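Structural overview for review
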Amino acid sequence: MRIRTDDEVYRVDAVWLGPPKATFPWRARYVAWLIGIPVFLLVLTVERWAGWSFGFFSTAWAFVITIVITRLITAKISHERPLGAVVAMAGRELNTPRERGTGTGGAVSASRIRVRAERPVPKHKKRRQYQHHGYGQVAGAQAGAQGAPRARRSRPAARAGR
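Residues numbered from 1 in each chain as written. Predicted model: local features only at pLDDT ≥ 70, side-chain atom pairs only at ≥ 80, totals over all residues. Heavy atoms only, no water.

Throughout the structure, instances matching the rule amount to 2 aromatic pairs. For the pair F40 and F63, a centre-to-centre distance of 6.4 Å together with 80° between the ring planes defines the contact as edge-to-face. Remark: F63 occurs in helix α3 (residues 56-75) and F40 occurs in helix α2 (residues 30-50); sequence separation between them is 23 residues. A ring pair is formed by F56 and F57, whose centres lie 5.3 Å apart and whose planes are at 75°; its orientation type is edge-to-face. Here F56 and F57 have matching classes, each one exposed. (Phe/Tyr/Trp six-rings, centres within 6.5 Å; stacked < 30°, edge-to-face > 60°. Helix = DSSP H or I, 4+ residues; strand = E, 2+ residues; numbered from the N terminus. Buried < 20%, exposed > 50% of the residue type's maximum accessible area, 1.4 Å probe, protein only.)

What follows is the structure in structure tokens.
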């Protein structure tokens with residue numbers, strides 16, 4: 001048993017051949033006329049803004065450019081992808097964020113680093129002044145009270161391979 005699809009219904013182009021008894025020598029779909037007329041007016045407007053005078057050759061070139069643009073647009077349109085979907089897709093393609101191909105920074109350089117001859121001392125910290133009371137004294141009331149300065153704790157040695 002063979003099942004027929006409804007693709008033939010959609011393959012038939014809605015074509016306007018021209019007025020009755022005076023048909024055009026070409027076939028153009030309704031959507032092509034819908035796109036072509038505004039494109040032609042837009043091309044004529046751009047020609048005027050560019051400074052071309054209105055004449056036979058400028059209008060002929062506008063007609064040729066309109067046919068090319070209309071054929072490019074209608075090549076993307078079908079019964080499965082209508083004009084509204086193509087326009088929406090083009091708008092999303094133009095407005096979508098793009099991945100940046102280049103980095104925001106440049107090459108790393110130490111040319112802007114200032115080097116001073118002496119080490120800066122932080123302003124918010126004062127140097128500790130150790131007073132050695134009773135260091136080296138055997139007798140006296142202060143010998144056991146203050147004692148020798150405390151030794152600094154050293155950090156444990158780093159293990160090899162870490």
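You can see E47 is positioned in helix α2. Judged by relative accessible area, which is 4%, E47 ranks as buried. Residues within four places of E47 in sequence aside, it is in contact with W52, S58, W61 and A62. (Contact = heavy atoms within 4.5 Å.)

In this section: the packing of α2 against α3. Following both chains from N to C, one finds α2 and α3 inclined at 135°, their axes separated by 8 Å at the closest point. If you check the angle between α2 and α3, you find them oblique. α2 and α3 meet at a crossing whose hand is right-handed. In this structure, α2 uses A32, I35, G36, V39, F40, V43, L44, E47 and R48 to contact α3, whose residues at the interface are S58, T59, W61, A62, F63, I65, T66, I69, T70, I73 and T74. Residue composition of the contact of α2 with α3, by class: 12 nonpolar, 6 polar and 2 charged. (Axes fitted to C-alpha atoms, helices over the stretch in contact; angles between N-to-C directions. Parallel < 35°, antiparallel > 145°, perpendicular 65-115°, else oblique. Left-handed = near helix turned anticlockwise from the far one by under 90°. Nonpolar A, V, L, I, M, F, W, Y, C, P; charged D, E, K, R; others polar.)

Another aspect to go through is a nonpolar patch on the surface. Residues W52, F56, F57, W61, V64, I65, V68, I69 and L72 make up a contiguous nonpolar surface patch of roughly 980 Å² in combined accessible area. Among the structural elements, F57 can be located in helix α3. By relative accessible area, F57 is classed as exposed at 63%. (Patch = residues over 30% accessible without salt bridge, like charges linked within 9 Å, V, L, I, M, F, W, Y side chains within 5 Å. Areas by Shrake-Rupley, 256 points an atom, 1.4 Å probe, with all protein chains shown as cover. Salt bridge = Lys/Arg side-chain N within 4 Å of Asp/Glu carboxyl O.)

Right, let's get into the pattern of salt bridges. Where side chains of opposite charge bring their charged atoms close, a pairing between them can arise. All told, the structure shown has 2 salt bridges when counted by the stated rule. Between R48 and E47 there is a salt bridge; the shortest N-O distance is 3.5 Å. Linking E93 and R98 is a salt bridge whose minimum nitrogen-to-oxygen distance equals 3.9 Å. Residue classification places E93 among the partly exposed residues on the basis of a relative accessible area of 46%. Note on R98: relative accessible area 56%, which makes it exposed.

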